[in-house]
Amino acid sequence: MKKLDLNRRKLLGRALALGALTALPACDYDDPAHPDLADRFLHAMSSWNDRVQAALFSRHTLAPTFSAAQITNPPRFNAFYDISQAPVVEPATYRLELSGQIQETAPWSLAQLRTMKQESQITRLICVEGWRVIGQWSGVPLAEFLKRIGADTKCKYVSFKCADGYYSSIDMASALHPQTILALDFLNAPLTPAFGAPMRLRIPTKLGFKNPKSVMSMSVGNIYTGGYWEDQGYNWFSGS
Ligand SMILES: Nc1nc2c(c(=O)[nH]1)N[C@H]1C(S)=C(S)[C@@H](COP(=O)(O)O)O[C@H]1N2
Ligand SMILES: [Mo]
């Protein structure tokens with residue numbers, strides 16, 4: 001018990017109480033090469049937590065929606081870098097690359113994505129840093145898109161890679177949730193680079209970091225691919 005210092009004890013308490021956050025990136029690992037018992041315990045807790053959250057998740061339970069008057073203005077930017085470093089993707093030549101257990105893997109242009117029925121919603125984005133914003137995102141329901149490209153929806157995961165090297169992945173039940181969209185617009189205008197242009201995942205049933213921006217490729221499969229923050233200890237399921 002000597003090794004279980006106060007910070008770590010607090011962390012354990014937090015993991016048990018909240019579940020969503022299992023390790024802070026800044027927490028003081030004694031020796032990263034030899035994760036001690038507490039670290040292994042936190043990891044085991046987090047994957048147990050994934051399974052519990054997945055079991056409790058219902059495709060029919062909707063995240064709260066809001067009125068236009070409640071939209072946060074101006075919106076709030078977040079990424080693992082400063083807003084001036086946000087990647088700029090040329091919309092005219094953009095192609096969403098598809099791979100994995102998908103029948104039609106031809107890449108999709110923005111014009112093609114816009115031929116599909118667009119869904120608009122005013123929802124809340126919650127960041128683990130302790131802030132939240134309400135915004136209006138519109139785009140293609142991921143369930144419809146997966147159907148259209150002949151994705152095997154019996155697979156476990158849908159994974160995303162972004163223009164800035166960010167990446168994330170979600171469980172299939174969440175991918176098929178009616179509020180999960182491939183967002184193209186914010187406030188009825190195309191997304192701007194810092195906020196995820198030309199396309200971002202918008203998934204209001206999960207925390208902010210599960211909403212990858214400037215998505216360049218999508219893959220469907222059964223191999224766990226983790227995520228940028230997930231691989232640093234944040235809980236993978238992270239329902240909000
Ligand atoms: N490509 C990319 N997507 C990302 C991130 C990032 O750093 N790069 N940060 C995530 C985090 S932690 C949050 S809270 C939201 C913030 O989205 P916003 O800038 O629209 O508020 O984007 C998520 N998606
Ligand atoms: Mo975040």
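Residues numbered from 1 in each chain as written. Chains lettered and ligands numbered in written order. Predicted model: local features only at pLDDT ≥ 70, side-chain atom pairs only at ≥ 80, totals over all residues. Heavy atoms only, no water.

Draft legend 1. Spotlight on the overall build of the protein chain. When helices and strands are tallied, the protein chain shows five helices and nine strands. Walking the protein chain from its N terminus toward its C terminus, one meets helices and strands in the order α-α-β-α-β-β-α-β-β-α-β-β-β-β. Buried positions account for 49% of the 240 residues belonging to the protein chain. Sequence-distant contacts, at least 24 apart, represent 69% of the contacts inside the protein chain between residues at least 6 apart. (Helix = DSSP H or I, 4+ residues; strand = E, 2+ residues; numbered from the N terminus. Buried < 20%, exposed > 50% of the residue type's maximum accessible area, 1.4 Å probe, protein only. Contact = heavy atoms within 4.5 Å.)

Draft legend 2. The arrangement of the site of ligand 1 in detail. Around ligand 1, the surrounding shell holds 18 residues, and the nearest of these are Arg 76, Asn 78, Asp 164, Arg 200 and Lys 213. Here Lys 213 contributes a side-chain N or O atom positioned 2.6 Å from an oxygen atom of ligand 1. Compared with its free state, where it exposes 530 Å², ligand 1 has 97% of that area covered by protein. For the shell around ligand 1, the residue count by class is 11 nonpolar, three polar and four charged. (Near = heavy atom within 4 Å. Polar contact = N/O pair within 3.5 Å; in protein donor to acceptor, adjacent residues only side chain to side chain. Areas by Shrake-Rupley, 256 points an atom, 1.4 Å probe, with all protein chains shown as cover. Nonpolar A, V, L, I, M, F, W, Y, C, P; charged D, E, K, R; others polar.)

Draft legend 3. Representation of the pattern of salt bridges. Taken as a whole and judged by the stated rule, the model has four salt bridges. With a closest N to O distance of 3.0 Å, Asp 171 and Lys 206 form a salt bridge. A residue pair is termed long-range when its members are at least 10 positions apart, and Asp 171 in strand β5 (residues 167-171) and Lys 206 in the loop between β8 (200-202) and β9 (215-221) qualify at 35 residues. Of the two residues examined, Asp 171 and Lys 206, each falls in the buried class. A salt bridge links Lys 210 to Glu 230; the shortest N-O distance between them is 2.8 Å. Placement of Lys 210 in the loop between β8 and β9 and of Glu 230 in the segment after β9 is noted, with a sequence separation of 20 residues between them. In this structure, Lys 210 and Glu 230 share a single accessibility class: buried. (Salt bridge = Lys/Arg side-chain N within 4 Å of Asp/Glu carboxyl O.)

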